[in-house]
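So you can see what is in the structure, the chains are spelled out below.
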Amino acid sequence: MSARFEELGWRQTPIGEISLRRRFDPTVRADVYEVKLGDEYLMSSLFTVAECELSRLGLARTPGDRLDVLVGGLGLGYTAREALTEPRIRELTVVEYSDAVIDWHRRDLLPDTAGLAADRRVELVCADFFAAVAGRVGFDPARPGRTYDALLLDIDHSPRHVLHGPNAAFYTGEGMRAVANHLTDGGTFAMWSDDAPDDEFCAILESVFVDVEAQPIVFGNPLTRGQSSATIYLATRPDRTSGTGHDQAVCD
């Protein structure tokens, strides 16, 4: 009997063992790539709609012609790949906690996102996103305090279902103010969540940002032959130079 899956890579990390596996799924009749942290599934190439929508929706509301964009979490690479379809991208910095994940992409183990690491616009940074966003230096030690036109985040399952306990501090008012400090005036913060829109987190976003929106994303689930959903949170840093106030938010 053949193996049910093939392990392509794994690495021990301070928060558990991270692994990449490939298996043939008879339902979709294709190879499926999955990332696990210990026994917990982080992501699957079967479900990429919301990750792509994170980039599409976040960049659609971001003004400017030569965009500096930061992606929090590399994973299977779909958020970064979608961002690169935006012709206004000048530089895309992708912050990933695990050097193993970065290595998978440099070795082009993932067919759908092969070539991502070699794109001249892309810089892959091995760092703790949450520590960097709270620190004074930020994400670029060579340019302390560097700001970005958009920050697209796809790391935790949701503000209430985090992968590592200390991450919970990020989803507070203090954490959101730290995010805003890394954005240009009028810059966009966009975040993926596997849960339905969270009113409490919306209120926290509204205390820091303007034009806040929690947009449900519905997509087909080939395993259940039904539908699944996720949420993309969208928010804009106020333009301090123009005195822009807190506009009415849409967070249903």
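Above this text is the structure in question.
Residues numbered from 1 in each chain as written. Predicted model: local features only at pLDDT ≥ 70, side-chain atom pairs only at ≥ 80, totals over all residues. Heavy atoms only, no water.

Participant: How do you make sense of the pattern of salt bridges when you look at a structure like this?
Facilitator: When their charged atoms lie close together, side chains carrying opposite charge are able to pair. Under the definition given, this model contains 17 salt bridges. Residue Arg90 is joined to Asp68 by a salt bridge in which the shortest nitrogen-to-oxygen separation is 3.1 Å. Taken together, the positions of Arg90 in strand 6 (residues 89-96) and Asp68 in strand 5 (residues 67-72) put the pair 22 residues apart, joining distant regions of the chain. Take Arg90: its relative accessible area is 40%, and that puts it in the partly exposed class. Asp68 sits in the buried class, given a relative accessible area of 5%. Of the charged contacts, one joins Arg146 and Glu91 as a salt bridge, the two residues approaching to 3.4 Å between their closest N and O atoms. One end of the pair, Arg146, is in the loop between helix 4 (129-134) and strand 8 (148-153); the other, Glu91, is in strand 6, with 55 residues separating them in the sequence. (Salt bridge = Lys/Arg side-chain N within 4 Å of Asp/Glu carboxyl O. Helix = DSSP H or I, 4+ residues; strand = E, 2+ residues; numbered from the N terminus. Buried < 20%, exposed > 50% of the residue type's maximum accessible area, 1.4 Å probe, protein only.)

Participant: Help me understand unusual backbone geometry in this model?
Facilitator: Phi at Arg29 is positive, roughly 55°, even though this residue is not glycine. Assignment of secondary structure puts Arg29 in the loop between strand 2 (16-25) and strand 3 (30-37). Residue classification places Arg29 among the exposed residues on the basis of a relative accessible area of 69%.

Participant: Looking at this model, I keep getting lost on the packing of aromatic side chains. Mind explaining?
Facilitator: Each aromatic ring pair is summarised here by two numbers: the centre-to-centre distance and the angle between the ring planes. Within the structure shown, the criterion is met by 10 aromatic pairs. Geometrically, the ring pair formed by Phe47 and Phe219 is tilted, given 6.3 Å between the ring centres and 55° between the ring planes. Of this pair, Phe47 sits in the loop between strand 4 (40-44) and helix 1 (49-60) while Phe219 sits in strand 10 (residues 210-221), and the two are 172 residues apart along the sequence. According to the relative accessible area criterion, Phe47 is partly exposed, its value standing at 22%. Relative to Phe130, the ring of Phe129 lies with its centre 5.3 Å away and its plane at 90°, an arrangement referred to as edge-to-face. Over the aromatic face of Tyr41 sits the side chain of Lys36, whose NZ or CZ is 4.8 Å from the ring centroid. (Phe/Tyr/Trp six-rings, centres within 6.5 Å; stacked < 30°, edge-to-face > 60°. Lys NZ or Arg CZ within 6 Å of the ring centre and 35° of its normal.)

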